[in-house]
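Summary of the model geometry
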Amino acid sequence: MDLSIIVPLYNEAESLLHLAEWIDRVMREHGLSYEVVMVDDGSKDGSWQVIEDLHAANPAYRGIKFRRNYGKSAALNTGFAAAQGDVVITMDADLQDSPDEVPELRRMIVDDGYDLVSGWKKKRYDSKLAKNIPSKLFNATTRHLSGIHLHDFNCGLKAYRRDVVKSIEVYGEMHRYIPVIAKWAGFSKIGEKVVQHRKREFGVTKFGMNRFLNGYLDLMSIMFMSRFGKQPMHFFGAIGSLSFLLGFVALVLVLALRICGRIALTNSVWFYLSMLFLVMGTMLFLAGFIGELVCRNSPTRNQYLIEKEL
Ligand code: UDP
Ligand code: MG
């Protein structure tokens, strides 16, 4: 099978038929064999009924329904596990992403050898204040921290080599950082294609302003995890040592001053600083040890991603 198209959706009943017709048309024109995996993330608006009808008419349409709304990341992750095609495409259900882009995205994976190609909504049709400006800032930060040169990390339209989706796990709200997760898993050939973006025709956006705060917090987690996820002591131990050292220097100073008879111990600011830093250093080391214990018991502690085997 050439293609798996994964569509995460939450309350998008009105869009689904239009989307399916459009996908069918493009696939027919390009003679591609495909499946569409629609992951219904707990919709309450009859989306599932539409998916059942689509499946009945054409078994290339598969459906997976969640018991409740788990979020876009969980929907994508489930779709990744189910996908059977050589190239996997993800796209939003709301008709903001155009299926016309799919053949070229696939070509970039198959012919140009990319592991992952991300769409870039160069001209966006979302509200400026709520999305465009904050998202520029967000993309610049992510680009800088991850070293991946993409303009639009969170574009719903992306293409992957099959291996990539079978090797990564997306959870929480980490769908914003799939390129970062993929790079971390060793898939470094990441490309970008400018894609058409359209206005939302039906339904409403599912993400509010809290996406930005959460987005930044997730970015910090993911950068921390990629650097220190398997060796937390390298992080906590390093700042713990620094803190201990500062505490020690302050302690020597306060003792020297005391021995010279110049001050009473508790009158010196150095006394309090030395206590503070020594206690902080100890706490950081303890955090490091607990982190190591957690890692040691993690089932993935020895998971290396094998590329080839004979
Ligand atoms: N979505 C989902 N689960 C959620 C929220 C959103 O599956 O909890 C889907 C949604 O139906 C759409 C895609 O994720 O297909 C992108 O969502 P949306 O269009 O609301 O985001 P925006 O385009 O406003 O960034
Ligand atoms: Mg949308």
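What counts, and at which threshold
Residues numbered from 1 in each chain as written. Chains lettered and ligands numbered in written order. Predicted model: local features only at pLDDT ≥ 70, side-chain atom pairs only at ≥ 80, totals over all residues. Heavy atoms only, no water. Helix = DSSP H or I, 4+ residues; strand = E, 2+ residues; numbered from the N terminus. Expected span 1.5 Å × (residues − 1). Buried < 20%, exposed > 50% of the residue type's maximum accessible area, 1.4 Å probe, protein only. Contact = heavy atoms within 4.5 Å. Polar contact = N/O pair within 3.5 Å; in protein donor to acceptor, adjacent residues only side chain to side chain. Donors = N, O, S within 2.8 Å, 3.2 Å for Na, K, Ca; no water. Near = heavy atom within 4 Å. Areas by Shrake-Rupley, 256 points an atom, 1.4 Å probe, with all protein chains shown as cover. Nonpolar A, V, L, I, M, F, W, Y, C, P; charged D, E, K, R; others polar. Phe/Tyr/Trp six-rings, centres within 6.5 Å; stacked < 30°, edge-to-face > 60°. Salt bridge = Lys/Arg side-chain N within 4 Å of Asp/Glu carboxyl O. Patch = residues over 30% accessible without salt bridge, like charges linked within 9 Å, V, L, I, M, F, W, Y side chains within 5 Å. Axes fitted to C-alpha atoms, helices over the stretch in contact; angles between N-to-C directions. Parallel < 35°, antiparallel > 145°, perpendicular 65-115°, else oblique. Left-handed = near helix turned anticlockwise from the far one by under 90°. Pairing = 2+ DSSP bridges.

1. Quick look at helix 10 (residues 269-296)
Helix length check: helix 10, at 28 residues, gives a terminal C-alpha distance of 41 Å against a target of 40 Å (1.5 Å per residue), a fit within 8%. Within the sequence span of helix 10, burial applies to Phe271, Ser274, Leu278, Gly281, Leu284, Gly288, Gly291 and Cys295. Looking at the buried residues of helix 10, the elements they touch are helix 9 (232-259). Between the side-chain oxygen at the start of helix 10 and the backbone nitrogen of Trp270 there is a gap of 3.0 Å, and the oxygen is on Ser268.

2. Observations regarding the coordination of the magnesium ion (ligand 2)
In a perfect tetrahedron of four donors around a metal, the angles come out at 109.5 degrees. In a perfect octahedron of six, they are 90 or 180 degrees. Only Asp94 (OD) and Gln96 (OE1) from the protein coordinate the magnesium ion (ligand 2), and they sit 1.9 Å from it. Across the pair, exposure class does not vary: Asp94 and Gln96 are buried alike.

3. Some details on the site of ligand 1
In the vicinity of ligand 1 there are 18 residues, among which Asp41, Asp94, Lys131, Thr205 and Lys206 approach most closely. Here an oxygen atom of ligand 1 and a side-chain polar atom of Arg211 are 3.2 Å apart. For ligand 1, whose free accessible area comes to 530 Å², the fraction covered by protein is 93%. Taken together, the residues that form the shell around ligand 1 break down as 5 nonpolar, 4 polar and 9 charged.

4. Let's talk about the packing of aromatic side chains
Taken as a whole and assessed by the stated rule, the structure comprises 11 aromatic pairs. A ring pair is formed by Phe138 and Tyr216, whose centres lie 6.3 Å apart and whose planes are at 80°; its orientation type is edge-to-face. Of this pair, Phe138 sits in helix 5 (residues 128-146) while Tyr216 sits in helix 8 (residues 210-228); the two residues are 78 residues apart in sequence, bridging distant segments of the chain. You can call Phe138 buried: its relative accessible area is 6%. Each ring, one from Phe224 and one from Phe236, has its centre 6.2 Å from the other, and the planes form 65°; the classification is edge-to-face. Of this pair, Phe224 sits in helix 8 while Phe236 sits in helix 9; the two residues are 12 residues apart in sequence, bridging distant segments of the chain. Taken together through their ring pairs, the aromatic side chains of Phe224, Phe228, Phe235 and Phe236 make up a single cluster.

5. Considering the pattern of salt bridges
On inspection of all chains with the given rule, the structure shows 15 salt bridges. A salt bridge links Lys206 to Glu12, with the shortest nitrogen-to-oxygen separation between them at 3.0 Å. In this pair, Lys206 sits in the loop between strand 7 (190-194) and helix 8 while Glu12 sits in the loop between strand 1 (3-9) and helix 1 (13-30), placing the two residues 194 residues apart along the sequence. Judged by its relative accessible area of 6%, Glu12 falls in the buried class. A salt bridge links Glu173 to Arg176; its shortest N-O distance comes to 3.2 Å. Connected via shared salt-bridge partners are Glu12, Asp94, Arg200 and Lys206.

6. What to know about a nonpolar patch on the surface
Together, Leu245, Val249, Leu253, Val269, Trp270, Leu273, Leu276 and Met280 give the surface a local cluster of nonpolar side chains, amounting to about 680 Å² of exposed area. Looking at the nonpolar patch, the elements that each hand over two or more residues are helix 9 and helix 10. With 5 residues, the top contributor of residues to the nonpolar patch is helix 10. With respect to the secondary-structure elements, Leu245 resides in helix 9.

7. Regarding the packing of helix 9 against helix 10
Two elements in contact, helix 9 and helix 10, have axes separated by 7 Å at closest approach and are oriented at 160°. Between helix 9 and helix 10, the crossing angle belongs to the class labelled roughly antiparallel. Between helix 9 and helix 10 lies a crossing whose hand is left-handed. Among the residues forming the contact of helix 9 with helix 10, the class breakdown is 23 nonpolar, 10 polar and 1 charged.

8. Re the sheet that holds strand 3 (residues 61-65)
Sheet architecture is open: 7 strands sit in the order 3-2-1-4-6-5-7, paired in mixed fashion. The open sheet is flanked by strand 3 and strand 7, the only strands paired with a single partner. For this sheet the average axis-to-axis angle between neighbouring strands, irrespective of direction, equals 20°. Across 4 bridges, strand 1 lies against strand 4 (residues 87-90) in parallel orientation. Residue pairing across strands places Leu3 opposite Val87, the latter belonging to strand 4. Against the sheet, helix 4 (residues 102-110) contacts strand 1, strand 4, strand 5 (116-120), strand 6 (158-161) and strand 7, and its axis sits at roughly 140° relative to strand 4.

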